[in-house]
Amino acid sequence: MKRRTVLKSAAAATAALAAPRIGHAQAGKVVTFVPHADLASLDPVWTTADVTRNYSLAVFDTLYAYDAQFKIQPQMADGARVEDDGKTVEVTLRDGLAFHDGEKVLAKDCVASIKRFGTRNPFGQALMARVDEIAAPSDKVIRFRLKKPFPLLTEAIGQVYCAIMPERLAQTDPLKQIPEAIGSGPFKYVASERVPGSQVVFVKNPAYVPRKDGTPSFNAGPKIVNVDRVVWTFIPDPATASAALQRGEIDWWENPTLDLVPQIKTYKDVTMVVKDRTGEIGCMRFNQLQPPFNSAAIRRIALAAVDQKEVMEAVCGAEPSLYKVDTGIFIPGTPMASTVGVERTRGPKDYEKLKKDLAAAGYKGEKIVVLAATTIPTIWAESQVASDMLSKAGFNIDLQPMEWGAVVQRRAKKEPVDQGGWNIFYTWLGGFGNISPAPNIAIRGNGEGAWFGWPTAPKLEALRDAWFDAPDMAAQQKLSEQMQVAFWEDPTFAPLGMYDQPTAFKNYMKDVPEGWPQFYTLKKSV
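Reference entry: report on the structure contained in this document. (Residues numbered from 1 in each chain as written. Predicted model: local features only at pLDDT ≥ 70, side-chain atom pairs only at ≥ 80, totals over all residues. Heavy atoms only, no water.)

**Some remarks on the overall build of the protein**
Counting its secondary structure elements, the protein contains 15 helices and 21 strands. Over its C-alpha atoms the protein spans a radius of gyration of 23 Å, differing by no more than 12% from the 24 Å that the globule rule assigns to 526 residues. Taken along the three principal axes of its C-alpha coordinates, the protein extends 65 × 60 × 45 Å. Every one of the 526 residues in the protein was classed for burial, and the buried ones make up 59%. Taking the contacts inside the protein whose residues are at least 6 apart along the sequence as the reference set, 74% of them involve residues at least 24 apart. In the structure as shown, the protein presents an accessible area of about 19800 Å², 53% of it carried by carbon and sulfur atoms. The positive charge centre, built from 62 side chains, and the negative charge centre, built from 59, are 2 Å apart in the protein. (Helix = DSSP H or I, 4+ residues; strand = E, 2+ residues; numbered from the N terminus. Rg over C-alpha atoms; globule rule 2.2 N^0.38 Å. Buried < 20%, exposed > 50% of the residue type's maximum accessible area, 1.4 Å probe, protein only. Contact = heavy atoms within 4.5 Å. Areas by Shrake-Rupley, 256 points an atom, 1.4 Å probe, with all protein chains shown as cover. Lys, Arg positive; Asp, Glu negative; His and termini not counted. Charge placed at Lys NZ, Arg CZ, Asp CG, Glu CD.)

**Comments concerning the sheet that holds strand E7 (residues 141-146)**
Spatially, 4 strands are ordered E4-E5-E7-E6 in an open sheet, and the strand pairing comes out antiparallel. Here the strands that pair on one side only, and so sit at the sheet edges, are strand E4 (77-83) and strand E6 (131-138). Neighbouring strand axes in the sheet, compared pairwise and without regard to direction, differ in orientation by 20 degrees on average. Where E4 and strand E5 (residues 88-93) come together, 6 bridges link them in antiparallel fashion. Looking at the pairing, arginine 81 lines up with glutamate 90 of E5. Lying over the sheet, helix H3 (residues 107-120) contacts E5, E6 and E7, oriented at roughly 160 degrees with respect to E6. (Pairing = 2+ DSSP bridges. Axes fitted to C-alpha atoms, helices over the stretch in contact; angles between N-to-C directions.)

**Points about the sheet that holds strand E17 (residues 424-430)**
Taking strand neighbours across the sheet as the criterion, the 6 strands line up as E14-E18-E13-E17-E15-E16 in an open arrangement whose pairing is mixed. In the strand order of this sheet, the two ends are held by strand E14 (323-324) and strand E16 (396-402), each with one partner. Bridging between strand E13 (residues 280-286) and E17 involves 7 bridges; their strand directions are antiparallel. Bridge assignment links cysteine 283 to a residue of E17, and that residue is threonine 427. Sitting on the sheet, helix H10 (residues 308-316) is in contact with E14, E17 and strand E18 (493-499), with an inclination near 50 degrees to E18. Of the strands in this sheet, E13, strand E15 (367-373), E16, E17 and E18 touch helix H12 (residues 377-392), which is tilted by about 130 degrees from E17.

**Describing the packing of aromatic side chains**
Enumeration according to the criterion identifies 28 aromatic pairs in this entry. Judged by centre distance (5.8 Å) and plane angle (50 degrees), the rings of phenylalanine 150 and phenylalanine 468 are tilted. Linking phenylalanine 150 in the loop between E7 and helix H5 (153-157) with phenylalanine 468 in helix H14 (residues 458-468), this pair joins segments that are 318 residues apart in sequence. The two residues phenylalanine 150 and phenylalanine 468 agree in class, both being buried. The interplanar angle of 80 degrees and the centroid separation of 6.3 Å between the aromatic rings of tryptophan 252 and phenylalanine 505 together place this pair among those described as edge-to-face. (Phe/Tyr/Trp six-rings, centres within 6.5 Å; stacked < 30°, edge-to-face > 60°.)

**Describing the nonpolar core**
Grouped together as the largest cluster of nonpolar side chains are 152 residues, with contacts concentrated most on Ile142, Phe144, Met284 and Phe395. The residues touching methionine 284, leaving out its near neighbours within four places in the chain, are Ala302, Val306, Ala386, Leu390, Ile424, Phe425, Tyr426, Phe493, Ala494 and Leu496. The next biggest cluster of nonpolar side chains, apart from the first, holds 12 residues, and it includes Leu245, Ile250, Ile264 and Ala504. (Core = buried A, V, L, I, M, F, W, Y, C linked by side-chain atoms within 4.5 Å.)

**Let's talk about the pattern of salt bridges**
This model, assessed by the stated rule, comprises 32 salt bridges. The residue aspartate 50 makes a salt bridge to arginine 53 at a minimum N-O spacing of 3.4 Å. In this pair, aspartate 50 and arginine 53 both sit in helix H2 (residues 50-59), 3 residues apart, roughly one turn of the helix. Both residues of the pair, aspartate 50 and arginine 53, count as buried. Residue glutamate 514 pairs with lysine 275 through a salt bridge whose shortest N-O separation is 2.9 Å. Pair noted here: glutamate 514 is in the loop between strand E20 (509-510) and strand E21 (523-524) and lysine 275 is in the loop between strand E12 (270-274) and E13, with a separation of 239 residues, a long-range link. On the accessibility criterion, glutamate 514 (37% relative accessible area) is partly exposed. Exposure remark for lysine 275: the relative accessible area of 14% places this residue in the buried category. Shared partners join several salt bridges into a network, and the residues in it are Arg81, Glu83, Glu90 and Arg143. (Salt bridge = Lys/Arg side-chain N within 4 Å of Asp/Glu carboxyl O.)

**A few points about unusual backbone geometry**
Here proline 291 and proline 292 are connected by a cis peptide whose omega angle stands at 10 degrees. As for its placement among the helices and strands, proline 292 is situated in the loop between E13 and helix H9 (296-304). The peptide bond linking glycine 347 to proline 348 adopts the cis configuration, its omega dihedral lying at -5 degrees. In this model, aspartate 511 sits at a positive phi of 55 degrees, which is unusual for a non-glycine residue. Locating aspartate 511 in the fold gives a position in the loop between E20 and E21. For threonine 521, which is not glycine, the phi torsion reads 75 degrees and is therefore positive.

Quick look at the structure:
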């Protein structure tokens with residue numbers, strides 16, 4: 001399947017000219033934002049979906065946070081004290097913290113939130129494996145008693161998914177979703193104005209007290225809110241979103257369709273720029289609980305069938321400068337990245353040989369149920385091209401188009417395919433989660449505790465554990481390379497290449513933060 005069968009620039013441009021009006025962006029202190037997907041879940045622990053991560057940045061706060069150089073900074077924390085040769089760490093909360101329901105943020109809320117985060121998140125799991133006890137000796141102190149020193153403790157609890165919520169919500173079973181959105185962040189989620197499939201509304205939290213020190217950078221530093229309301233208007237049709245941006249009916253479009261980027265660059269008074277420099281790694285995720293992908297040999301054949309360059313040409317053909325190939329399990333060019341084994345992701349492919357290999361591996365033509373989101377164009381493009389490659393290699397593909405929210409819900413199902421389960425889903429792995437083994441969800445091999453797909457990969461797990469105990473970067477790099485070698489033999493997903501996603505906003509939007517979409521710091525000058 002070639003790029004021309006996936007992306008139709010001329011048709012999209014024509015549709016943009018005829019797109020219906022959606023109203024005008026509101027002046028003053030209301031920001032109208034088009035997210036890449038509708039908000040399917042309010043729980044940043046239950047799901048890793050980027051749209052939930054972005055909502056979480058507005059509604060919740062974290063004890064620590066990362067700046068633009070990926071250095072950890074105190075956020076809700078006033079600081080930390082380390083004793084007992086690194087085996088006791090006490091984090092003290094800063095003053096002025098309160099939840100949206102008016103209750104003060106207490107250490108017991110933080111303890112419950114960390115424990116819940118630690119059951120699902122890979123970095124949190126690494127922390128909890130090294131913890132004897134997390135307790136709240138007072139309302140403002142969180143105490144960690146560790147089995148051994150863990151220098152990355154603050155980096156772990158600085159993950160955006162370690163969202164601090166009231167104890168009553170944090171006690172929700174981590175395999176179930178929290179019933180409401182009560183955080184202590186700079187914005188409140190307005191449940192009464194939620195329109196599923198269309199609208200999400202946030203209002204400024206007047207009780208929020210920003211940090212008094214530091215510089216705003218990524219999601220660290222003072223979170224100063226300069227707008228009163230943020231309205232997310234989900235527009236699934238890219239042509240409609242493009243036309244709305246051109247006419248000033250929206251202020252900011254998170255993820256312009258890459259095939260429309262050249263056109264949007266011509267719009268008057270619109271800035272097009274890459275804000276998230278960590279990029280996105282394409283991911284074809286296997287369900288290892290169900291056949292045939294419970295076989296490592298069959299997963300290797302699926303991975304070998306994919307040509308990263310052809311996939312990325314389909315995704316980024318209009319702007320080829322945005323993509324990279326020869327992508328392994330970490331972001332190319334970062335310290336932990338390796339090129340070992342990436343040649344197997346290149347073309348051309350000998351599909352007849354792959355068919356023979358597939359039969360020899362025991363595949364008997366079982367239907368492969370593939371979840372493919374049509375509402376996120378980059379996912380839909382990779383889904384079509386990569387699935388076509390699998391078909392050529394002999395897999396019996398049942399490509400099931402659906403909106404992204406349906407993928408998010410269905411990928412959590414562990415049942416067989418004839419009971420509503422799945423074999424493959426496609427997504428993009430945010431680059432920040434792929435800078436090291438610590439936050440990387442896609443390479444975990446801890447079975448039922450792993451990300452959707454639930455792989456069991458003991459060698460990967462052992463190398464990852466050793467990485468946390470490595471004495472220096474050189475040792476970490478060596479272990480990361482060994483992890484990539486082990487990954488090619490026992491793949492938990494197929495990397496499909498990588499691209500940088502530009503964002504687009506009207507020029508009157510000032511101080512738009514670097515990184516993920518965030519609505520503190522920015523100003524609207526009309």
